[in-house]
Amino acid sequence: MTTRTTPAEPPTDPPGRGRERRRLLRELLLVAGLFTVYKAGRMLSTGRTDEAFRNAARIWDAERALHLPGEGAIQRLLLHGDALIQTANGYYAAVHFPATALFLIWLYVRRPAHYLWTRRVLAVLTGAALALHLAFPLAPPRMLDAAGLVDTGQVYGPTVYRAAPATDTLANQFAAMPSLHFGWALMLALGMIAATRTRWRYLWSAHPLVTLLVVVGTANHYWLDAIVAAVLLGAALLLVPRPVAGGPRVAGVSRVVAPAGSGSAEVAPSGPASPDAASPDAGVPVGGSPAAPPDGAVLPGPRPSEPVGAGAGSGR
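Just so you know, these numbers come straight off a predicted model, no measurement behind them.

Rules used throughout
- Residues numbered from 1 in each chain as written.
- Predicted model: local features only at pLDDT ≥ 70, side-chain atom pairs only at ≥ 80, totals over all residues.
- Heavy atoms only, no water.
- Helix = DSSP H or I, 4+ residues; strand = E, 2+ residues; numbered from the N terminus.
- Buried < 20%, exposed > 50% of the residue type's maximum accessible area, 1.4 Å probe, protein only.
- Contact = heavy atoms within 4.5 Å.
- Areas by Shrake-Rupley, 256 points an atom, 1.4 Å probe, with all protein chains shown as cover.
- Phe/Tyr/Trp six-rings, centres within 6.5 Å; stacked < 30°, edge-to-face > 60°.
- Lys NZ or Arg CZ within 6 Å of the ring centre and 35° of its normal.
- Salt bridge = Lys/Arg side-chain N within 4 Å of Asp/Glu carboxyl O.
- Expected span 1.5 Å × (residues − 1).
- Arc of directions from axis to C-beta.

*Asks:* I would appreciate a short explanation of the overall build of the protein in the present structure.
*Replies:* A tally of regular secondary structure across the protein gives ten helices and two strands. For the protein, the sequential pattern of α-helices and β-strands runs α-α-α-α-α-α-α-α-α-α-β-β. Across the 316 residues of the protein, 34% fall into the buried class. Put simply, of all contacts in the protein between residues at least 6 apart along the chain, 74% involve residues at least 24 apart. As displayed, the protein has an accessible area near 19,500 Å², and 64% of this comes from carbon and sulfur atoms.

Have a look at this one:
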């Protein structure tokens with residue numbers, strides 16, 4: 001009797017490359033959509049000028065009551081040279097969005113699980129920031145006369161804002177709290193530290209530190225703007241589960257061997273299991289049944305005080 005083997009039909013699933021392109025397009029549309037909603041939502045509070053300045057005075061007084069360092073101390077350090085302050089202005093204007101975009105792209109390509117985690121955390125953080133922008137419009141310290149600070153972007157350049165906030169149709173200058181410049185930079189550092197294993201990964205912490213000094217020194221944000229951003233990021237990290245790195249290790253897990261008849265366990269060194277490895281029941285090979293010990297061998301464990309069946313009589 002002969003049998004014929006029917007050739008397997010070609011797979012009907014779309015090619016993996018096509019699925020990857022659709023996934024990438026979906027992610028791009030999702031991120032672009034979220035960003036568009038955020039930018040449009042920020043513009044809803046542009047006309048609340050009086051409220052924004054009242055809130056600015058409250059924030060300034062609260063910082064002095066909390067004995068926070070004055071923003072002017074950082075600005076005076078940057079004003080020691082035109083090149084230094086222009087570099088700070090350029091960092092504020094040009095690093096924020098490109099650095100975050102490159103960070104997300106790298107995670108998408110190299111660490112997909114960390115990408116999903118980071119995207120969700122940033123979405124929660126940005127949504128909370130938008131709600132606060134709408135509920136609490138705030139003029140930045142460069143606009144507050146009591147602060148006595150220089151609008152470094154307008155004086156030294158470059159700047160991303162127009163001189164008159166009412167004529168700025170691209171940015172809401174009354175959305176100072178929280179500082180997403182600092183919040184996103186902090187998440188970038190935390191994400192890279194979590195997704196990499198190099199000994200130099202903690203150097204990513206320099207990015208949020210430099211960003212903090214820049215946003216304060218250019219008088220675009222108060223210290224409290226960065227503090228609130230850090231608090232909101234911490235809440236987002238608590239809400240979004242962090243990805244688990246790798247699966248359970250098999251060879252590196254210690255196994256417990258309990259000698260027969262003993263009341264304690266013995267920890268054996270970890271290592272790859274072999275077909276002859278003993279199970280937790282001493283004397284029972286894995287996958288087999290109890291086997292008698294060789295002649296003269298004694299099973300591990302305390303010796304019984306008398307043989308099993310002692311006193312029953314040998315003739316019974």
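Once you've had a look at it, read on.
*Asks:* What is the right way to read the packing of aromatic side chains from this model?
*Replies:* How two aromatic rings sit relative to each other is given by the distance of their centres and the angle of their planes. As enumerated under the stated definition, the model contains four aromatic pairs in all. Measuring from centroid to centroid gives 6.0 Å for F53 and F174, while their planes differ by 70°, and the two rings are edge-to-face. On the criterion of sequence distance, the pair formed by F53 in helix α2 (residues 49-65) and F174 in the loop between α7 (152-156) and α8 (180-195) is long-range, its members being 121 residues apart. F53 gets classed as partly exposed once you look at its relative accessible area, which sits at 31%. Ring plane angle 85° and centroid distance 5.3 Å describe the contact between Y108 and Y115, whose orientation is recorded as edge-to-face. On the basis of relative accessible area, Y115 is assigned to the buried category, the value being 4%. The lysine or arginine in question, R64, covers the ring of W60, its NZ or CZ lying 4.1 Å from the ring centre.

*Asks:* I would appreciate a short explanation of unusual backbone geometry in the present structure.
*Replies:* As a rule of thumb, non-glycine residues mostly have phi less than zero, and peptide bonds are mostly trans rather than cis. Note that the residue after G157, namely P158, is joined by a cis bond; omega there is -10°. Structurally, P158 is set in the loop between α7 and α8. Omega for the peptide link from M177 to P178 comes to -5°, which places this bond in the cis form. Position of P178 relative to the elements: it lies in the loop between α7 and α8. Non-glycine residue H67 carries a positive phi angle of around 60°. Residue placement: H67 occurs in the loop between α2 and α3 (71-78). Located in the positive-phi region is A219, a residue other than glycine, with phi close to 65°.

*Asks:* Would you mind showing me how to read the pattern of salt bridges here?
*Replies:* Two side chains carrying opposite charge are able to pair once their charged atoms lie near each other. Tallied over the full model, the rule gives six salt bridges. Salt-bridge contacts for R64 lead to E71; the nearest nitrogen and oxygen are separated by 3.8 Å. Classification of E71 by relative accessible area gives buried; the value is 0%. Each of E63, R64 and E71 takes part in salt bridges that share partners, so that together they form one network.

*Asks:* Please explain helix α6 (residues 112-135) as it appears in this structure.
*Replies:* Since one α-helical turn is 3.6 residues long, residues separated by three or four positions face the same way. With 24 residues, α6 should cover 34 Å at 1.5 Å per step; its first-to-last C-alpha distance of 35 Å lies within 8% of that length. All of the buried residues in α6 are H114, Y115, W117, T118, R119, V121, L122, L125, T126, A129, L130 and H133.

*Asks:* Explain helix α5 (residues 96-110) to me, please; I cannot follow it from the model alone.
*Replies:* End to end, α5 covers 22 Å across 15 residues, agreeing with the expected 21 Å (1.5 Å per residue, within 8%). All of the buried residues along α5 are H96, T100, F103, L104, L107 and Y108. End-on, the buried residues of α5 take up no more than an arc of 130°, which puts them together on one face. Exposed side chains of α5 directed beyond 90 degrees from the buried face belong to L102, I105 and V109.

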